[in-house]
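Spelled out, the chains give:
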Amino acid sequence: MLMNKRARVLRAFLRGFARIQRTFTIEVGPLRASGVPAILVGVTGIVLASGVTAALAKGASRLPETLGEARNLAEALNTGSPRLKS
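Below is a short write-up of the structure. Since this is a predicted model, take the numbers as computed values, not measurements.

**Let's talk about the overall build of the protein chain**
Scanning the protein chain from N- to C-terminus turns up three helices and two strands. In the protein chain, the order of α-helices and β-strands from amino to carboxyl end is α-β-β-α-α. Burial analysis of the protein chain (86 residues in total) assigns 6% to the buried set. When the accessible surface of the protein chain is summed, it comes to about 7900 Å², and 66% of that surface belongs to carbon and sulfur atoms.

In structure tokens:
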């Protein structure tokens, strides 16, 4: 009796999971995925976001310095800045 109940619960779970898998769709710009590939794209996005968050948390103390240097580099490469004539 207990095995019969477990089998019914497992069958119902798998039926629900199959329904979700069929209807799951991700569309981002030209990228379009549905079903299992969409689930994989979603999981990959979550893993990448957590990696970026961890990297930013590690380098948070250096972030203002890095942004300042990037701004100085952008100003140096700006075409509107005066150039020395050769």
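**Focus: the pattern of salt bridges**
Evaluated as defined, the whole model comprises two salt bridges. Here Glu27 and Arg32 are joined by a salt bridge, their closest N and O atoms 3.4 Å apart. For the pair shown, Glu27 and Arg32 are each scored as exposed.

**Some remarks on the environment of Arg32**
Along the chain, the position of Arg32 falls in strand 2 (residues 31-34). On the basis of relative accessible area, Arg32 is assigned to the exposed category, the value being 65%. When sequence neighbours within four positions are dropped, the list of residues in contact with Arg32 reads Ile26 and Glu27. For Arg32, the side chain forms a polar contact with the side chain of Glu27, separated by 3.4 Å.

**A look at the pairing of strand 1 (residues 25-28)**
As judged from the four bridges shared by strand 1 and strand 2, these two strands associate in the antiparallel manner. Within the sheet, the bridge partner assigned to Val28 lies in strand 2 and is Leu31. Here strand 1 hands over to strand 2 after two residues, with Gly29 in that stretch at a positive phi of 60°.

**Re the packing of aromatic side chains**
Applying the stated rule across the entire model yields one aromatic pair. Between Phe13 and Phe17, the ring centres sit 6.4 Å apart and the planes meet at 20°, which makes this aromatic pair stacked. In this pair, Phe13 and Phe17 both sit in helix 1 (residues 2-23), four residues apart, roughly one turn of the helix. Using a relative accessible area of 55% as the deciding quantity, one classes Phe13 as exposed.

**Topic: a positive patch on the surface**
On the surface, Lys5, Arg8, Arg11, Arg15, Arg19 and Arg22 cluster together to form a positively charged patch. For Arg15, the location among the structural elements is in helix 1.

Cut-off values and rules
- Residues numbered from 1 in each chain as written.
- Predicted model: local features only at pLDDT ≥ 70, side-chain atom pairs only at ≥ 80, totals over all residues.
- Heavy atoms only, no water.
- Helix = DSSP H or I, 4+ residues; strand = E, 2+ residues; numbered from the N terminus.
- Buried < 20%, exposed > 50% of the residue type's maximum accessible area, 1.4 Å probe, protein only.
- Areas by Shrake-Rupley, 256 points an atom, 1.4 Å probe, with all protein chains shown as cover.
- Salt bridge = Lys/Arg side-chain N within 4 Å of Asp/Glu carboxyl O.
- Contact = heavy atoms within 4.5 Å.
- Polar contact = N/O pair within 3.5 Å; in protein donor to acceptor, adjacent residues only side chain to side chain.
- Pairing = 2+ DSSP bridges.
- Phe/Tyr/Trp six-rings, centres within 6.5 Å; stacked < 30°, edge-to-face > 60°.
- Patch = residues over 30% accessible without salt bridge, like charges linked within 9 Å, V, L, I, M, F, W, Y side chains within 5 Å.
- Lys, Arg positive; Asp, Glu negative; His and termini not counted.
- Charge placed at Lys NZ, Arg CZ, Asp CG, Glu CD.

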